[in-house]
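Residue strings, one per chain:
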Amino acid sequence: MSSLQNRRAIVTGASSGIGAATARALAARGAEVVLVGRDRARLAAVQAQCPGSRIVELDVRDAAAVQHALGGLGADLVVNNAGLALGAEKLPDGDPSEWAVVIDTNLKGVLHVLHATLPAMRAAGRGDHVLLGSVAGRQVYPGGNVYCATKHAVRALYEAQRLDLAGSGVRVSTVDPGMVETGFSGVRFRGDQARAKAVYQGMTPLAPEDVADAIVWVVTRPAHVNVGEVVLWPTDQASTTTVQRR
Ligand code: NDP
Ligand code: 8X3
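K.L.:
Where do I start with the overall build of the chain in this structure?
P.N.:
A tally of regular secondary structure across the chain gives 8 helices and 9 strands. For the chain, whose C-alpha radius of gyration is 17 Å, the value lies close to the compact-globule estimate of 18 Å for 246 residues. Each principal axis of the C-alpha distribution contributes one length, and for the chain these read about 45 × 35 × 35 Å. Scored against the burial criterion, the 246 residues of the chain give a buried share of 50%.

Rendered as structure tokens:
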């Protein structure tokens, strides 16, 4: 097992799904993990599975809170993962107040975390910043409108950071999964668990641990190797709109 001893890792959205699985995987390899999310009780449950970890309770939409809490940590590994979708309506039927939450979290929240944490890595001349993109940042699908737009923006930020940080020694990566069974669909469908479960009916989705595995692989390559983009599909999913169900 690759060691991540002497690494300080920030994982946003660590209270659930991909973030929680990644926090566990990083902690198991010896990283000191900072678990970031909005709900202390949910974070505490993950902390119990992550030896040596600590909790930072904040909302990534709050730029000042992100800067204050994460700016001085000197983390050399960041998994910029907190994100969500709300609804799958066609655009004219959507709710602008929900669009604001999705844009403020998936785009501005990601920017706040980049802005707070990259200076220390740049100063140190090393570090890993992993963005959680999505296949929704590469393809769109009916009803995906605003969520897909934010994930396309994350992809643009990945490319932009590769350029802005060229020569700094800092590695930026985007890990872009297809369907992963997490709390994501429950949030998207506003707590309708039957509708959320139906998303994965008759097919085998990725597990959050599959994505965590990929992230661990990305951040444990030798220093001269920057794994730029990882796209992970369930074998049963050929595109955002083509899913094999039995
Ligand atoms: P979950 O709903 O299981 O987890 C989302 C996490 O984000 C939670 O820990 C939640 O914590 C946190 N979060 C949401 N909003 C905020 C906020 N404003 N401030 C701080 N934390 C926040 O979903 P996933 O694990 O699936 O999603 C993680 C990432 O993976 C997202 O960026 C998502 O877009 C992406 N992704 C997911 C896929 C999937 O099919 N599941 C596929 C491709 C990408 P809390 O609400 O407790 O604050
Ligand atoms: C989440 C995967 O296909 O629901 O990013 O957009 S999808």
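K.L.:
I would appreciate a short explanation of the site of ligand 2 in the present structure.
P.N.:
Neighbouring residues of ligand 2: Ser134, Ala136, Tyr141, Tyr147, Phe184 and Arg188. Tyr141 places a polar side-chain atom, nitrogen or oxygen, 2.7 Å from an oxygen atom of ligand 2. Separating an oxygen atom of ligand 2 from a side-chain N or O atom of Tyr147 is a distance of 2.5 Å. Here ligand 2 loses 84% of its free accessible area of 240 Å² to cover by the protein chains. The cavity that encloses ligand 2 is the largest pocket. Considering only residue class, the shell around ligand 2 consists of 4 nonpolar, 1 polar and 1 charged.

K.L.:
Just to check I follow, could you spell out unusual backbone geometry for this structure?
P.N.:
Negative phi characterises most residues that are not glycine, and trans characterises most peptide bonds. The backbone of Asn6 sits at a positive phi, close to 70 degrees, despite the residue not being glycine. Secondary-structure assignment places Asn6 in the segment before strand S1 (8–12). In this model, Arg190 sits at a positive phi of 55 degrees, which is unusual for a non-glycine residue. By the element assignment, Arg190 lies in the loop between helix H6 (184–188) and helix H7 (193–198).

K.L.:
How should I be thinking about the packing of aromatic side chains in this particular structure?
P.N.:
For any two aromatic rings, the description comes down to two numbers: the centre-to-centre distance and the angle of the planes. Here the structure, examined in full by the defined rule, presents 1 aromatic pair. When the ring centre of Tyr147 is taken as origin, the NZ or CZ atom of Arg188, which lies over that ring, is 5.4 Å away.

K.L.:
Could you clarify how one ought to interpret the layout of surface pockets in this entry?
P.N.:
Considering only enclosed or pocket space, the largest pocket measures out at about 1300 Å³ in volume. Ala85, Tyr147, Thr182, Phe184 and Ser185 are the residues nearest the centre of the largest pocket, which is lined by 50 residues in total. Of all the secondary-structure elements, those providing two or more residues to the lining of the largest pocket are helix H1 (17–28), strand S2 (32–37), helix H4 (96–124), helix H5 (145–164) and H6. Take the lining of the largest pocket: its biggest share by element is 4 residues, from H6. Residue classes in the lining of the largest pocket are distributed as 24 nonpolar, 17 polar and 9 charged. Estimates place the volume of the second largest pocket at around 160 Å³. Around the second largest pocket, the lining residues are Leu111, Leu114, His115, Leu118, Pro119, Arg122, Leu157, Gln161, Asp164 and Leu165. Of all elements in the fold, only H4 and H5 reach the threshold of two or more residues within the lining of the second largest pocket. Ranked by residues supplied to the lining of the second largest pocket, first place goes to H4 with 6 residues. A class-by-class count of the residues in the lining of the second largest pocket yields 6 nonpolar, 2 polar and 2 charged.

K.L.:
Can you walk me through the environment of Pro205 in this structure?
P.N.:
Inspection of the secondary structure puts Pro205 in the loop between H7 and helix H8 (208–219). For Pro205, a relative accessible area of 16% translates into the label buried. As for Pro205 and Val172, which are separated by 33 residues in sequence, their C-alpha atoms are 26 Å apart.

K.L.:
Got a minute to help me understand H4 in this structure?
P.N.:
Each turn of an α-helix holds 3.6 residues, which means side chains three or four residues apart point in the same direction. With 29 residues, H4 ought to run about 42 Å at 1.5 Å a step, and its terminal C-alpha atoms sit 41 Å apart, in line with that. The sharpest bend along H4 comes to roughly 35 degrees, located at Leu118, with the proline Pro119 sitting one to four residues further on. Immediately beyond the C-terminal end of H4, within one or two residues, lies Gly125, with a positive phi of roughly 75 degrees.

K.L.:
How do you make sense of the site of ligand 1 when you look at a structure like this?
P.N.:
Taken together, the neighbourhood of ligand 1 is formed by 30 residues, with Ser15, Ser16, Asn81, Tyr147 and Thr182 sitting nearest. The side chain of Ser15 places a nitrogen or oxygen atom 2.7 Å from an oxygen atom of ligand 1. Protein coverage of the free-state accessible area of ligand 1, which is 890 Å², stands at 95%. A majority-of-atoms criterion places ligand 1 in the largest pocket.

Criteria and cut-off values
Residues numbered from 1 in each chain as written. Chains lettered and ligands numbered in written order. Predicted model: local features only at pLDDT ≥ 70, side-chain atom pairs only at ≥ 80, totals over all residues. Heavy atoms only, no water. Helix = DSSP H or I, 4+ residues; strand = E, 2+ residues; numbered from the N terminus. Rg over C-alpha atoms; globule rule 2.2 N^0.38 Å. Buried < 20%, exposed > 50% of the residue type's maximum accessible area, 1.4 Å probe, protein only. Near = heavy atom within 4 Å. Polar contact = N/O pair within 3.5 Å; in protein donor to acceptor, adjacent residues only side chain to side chain. Areas by Shrake-Rupley, 256 points an atom, 1.4 Å probe, with all protein chains shown as cover. 1 Å grid on protein atoms, 1.4 Å probe; cavity = no way out; pocket = protein on both sides within 12 Å on 5 of 7 lines; lining within 4 Å. Sits in = over half its atoms within 2 Å of the grid points. Nonpolar A, V, L, I, M, F, W, Y, C, P; charged D, E, K, R; others polar. Phe/Tyr/Trp six-rings, centres within 6.5 Å; stacked < 30°, edge-to-face > 60°. Lys NZ or Arg CZ within 6 Å of the ring centre and 35° of its normal. Points joined across faces, edges and corners; volume = space filled by probe spheres on them. Expected span 1.5 Å × (residues − 1). Bend = angle between axes of the 7 residues up to and from the residue.

Distances and angles like these do not, on their own, reveal function.
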